[in-house]
Amino acid sequence: MILRRVIAHFRSQEWTAIAIDFVIVVAGVFVGLQVSNWNAARIDRETERETLIRLHSDIRESIATQARDIAFLEQQIADQAMILSALDECRVAPDEDERFQRGLAELGYVNPPRLYRRTIDEIAAAGRTDLIRNSALVAELARIVALVEWRAFGFDQTVETLAPHRYEVERRVRYDVSRVIPDPFIQEHHAGVIHDINELCREPSVALAVSAVSYLTMERMQAYRPILEDYHAFLPMIEQELRVRWGVEIVGSDAS
């Protein structure tokens with residue numbers, strides 16, 4: 001329609017009308033681009049908000065599982081100390097026999113560092129690493145991911161080192177999978193261990209193996225505590241961004 005009018009005005013040499021038509025066309029294109037840009041920016045803002053909400057949920061879940069793993073490691077270290085004491089005395093007190101069995105069964109049980117990466121991986125897969133506009137948030141998230149990946153590499157090395165120490169104990173006991181040993185971290189843990197404390201304490205390699213496992217377990221616990229602290233510190237940063245930019249209040253935060 002506009003093109004036909006411009007041609008007609010050109011043939012009639014109506015230069016004023018041509019100028020007006022040109023301004024209308026340019027203005028229309030400009031407005032169209034502005035509307036398109038505004039709509040794209042609005043979609044990006046909504047996507048960023050939803051991404052931060054999901055990221056907050058992922059970090060909260062990471063906090064819960066990492067805290068649980070640290071508590072599990074603390075239990076193992078305490079059990080291992082009791083095992084070493086029993087080996088030194090060559091005696092297991094009757095009221096500590098189940099705990100002794102639990103400690104033997106869970107010797108060397110360690111998990112990798114916990115980070116729920118669903119939202120992080122979605123951002124990377126979509127190629128939208130620029131989606132979060134707060135550069136401080138992005139930098140802190142990148143630092144946390146790098147720390148977790150570094151500790152995960154150390155986990156692989158720890159597992160390799162633990163294996164021969166665990167085997168040193170395993171080859172001197174027999175597991176009774178018909179028995180359930182109480183454990184607050186492993187439900188219905190079939191971890192009965194048939195053992196001869198006299199045989200175990202006669203072999204110095206057993207105590208040395210338990211001691212080595214205890215040291216490596218402590219190392220993992222000390223490696224994971226800073227990760228948990230970083231998660232706790234990162235959570236309020238996300239909450240502040242959501243509150244300041246979108247007025248979104250997160251209910252029941254675990255940040256404290």
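Please refer to the structure higher up on the page.
All figures in this text were calculated on a predicted structure; none of them were measured in a lab.

Chemist: Is there a simple way to explain the overall build of the protein in this structure?
Modeler: From N to C terminus, the protein includes seven helices and two strands. Listed by position from the N terminus, the elements making up the protein come as α-α-α-α-α-β-β-α-α. Look at the contacts in the protein between residues 6 or more apart in sequence, and 79% of them connect residues 24 or more apart. For the protein, the accessible surface area stands at approximately 14,600 Å², while carbon and sulfur atoms represent 57% of it.

Chemist: Where do I start with unusual backbone geometry in this structure?
Modeler: Most peptide bonds take the trans configuration, and most residues that are not glycine carry a negative phi. With phi around 55°, C90 is a residue other than glycine that occupies positive phi space. With respect to the element layout, C90 can be found in the loop between α2 (15-89) and α3 (97-105). Exposure remark for C90: the relative accessible area of 27% places this residue in the partly exposed category. The backbone of E188 sits at a positive phi, close to 50°, despite the residue not being glycine. When you line up the elements, E188 lands in the loop between β1 (174-176) and β2 (192-194). Residue E188 is classed as exposed on the basis of its relative accessible area of 57%.

Chemist: Could you clarify how one ought to interpret the packing of aromatic side chains in this entry?
Modeler: In the structure shown here, the tally under the stated rule is one aromatic pair. With centroids separated by 5.4 Å and ring planes inclined at 45°, the aromatic side chains of F72 and F185 adopt a geometry described as tilted. Of the two residues, F72 sits in helix α2 while F185 sits in the loop between β1 and β2, which places them 113 residues apart along the sequence. Like F185, F72 is buried. The ring of W150 has R151 lying over it, and the distance from NZ or CZ to the ring centre is 4.2 Å.

Chemist: What is the right way to read the environment of L228 from this model?
Modeler: Within the secondary structure, L228 sits in helix α7 (residues 204-246). Sequence separation between L228 and I70 is 158 residues, and the spatial gap between their C-alpha atoms is 9.1 Å. Each residue touching L228, except ones within four places of it in the same chain, is listed here: I63, Q66, A67 and I70.

Chemist: Is there a simple way to explain the environment of N111 in this structure?
Modeler: Considering the arrangement of structural elements, one finds N111 in the loop between α3 and α4 (118-126). In this structure N111 comes out as partly exposed when scored by relative accessible area, which is 26%. Sequence separation of N111 and Q66 is 45 residues, and the distance between their C-alpha atoms is 9.4 Å. Non-local contacts of N111, meaning those with residues more than four positions away in its chain, are made with D69, F155 and Y224. One polar contact links N111 to D69, side chain to side chain, over a distance of 3.3 Å.

Chemist: What exactly am I supposed to notice about the nonpolar core here?
Modeler: Across soluble globular proteins, nonpolar side chains have a tendency to be buried as a group. L55, I59, F100, Y231, F234 and I238 are the most contacted members of the largest nonpolar core, which totals 51 residues. Mapped by element, the contributors of at least two residues to this core are α2, α3, α4, α5 (135-170), α6 (197-202) and α7. Discounting chain neighbours no more than four positions away, the residues touching L55 are T119, I120, I132, L141, F234 and I238.

About the cut-offs
- Residues numbered from 1 in each chain as written.
- Predicted model: local features only at pLDDT ≥ 70, side-chain atom pairs only at ≥ 80, totals over all residues.
- Heavy atoms only, no water.
- Helix = DSSP H or I, 4+ residues; strand = E, 2+ residues; numbered from the N terminus.
- Contact = heavy atoms within 4.5 Å.
- Areas by Shrake-Rupley, 256 points an atom, 1.4 Å probe, with all protein chains shown as cover.
- Buried < 20%, exposed > 50% of the residue type's maximum accessible area, 1.4 Å probe, protein only.
- Phe/Tyr/Trp six-rings, centres within 6.5 Å; stacked < 30°, edge-to-face > 60°.
- Lys NZ or Arg CZ within 6 Å of the ring centre and 35° of its normal.
- Polar contact = N/O pair within 3.5 Å; in protein donor to acceptor, adjacent residues only side chain to side chain.
- Core = buried A, V, L, I, M, F, W, Y, C linked by side-chain atoms within 4.5 Å.

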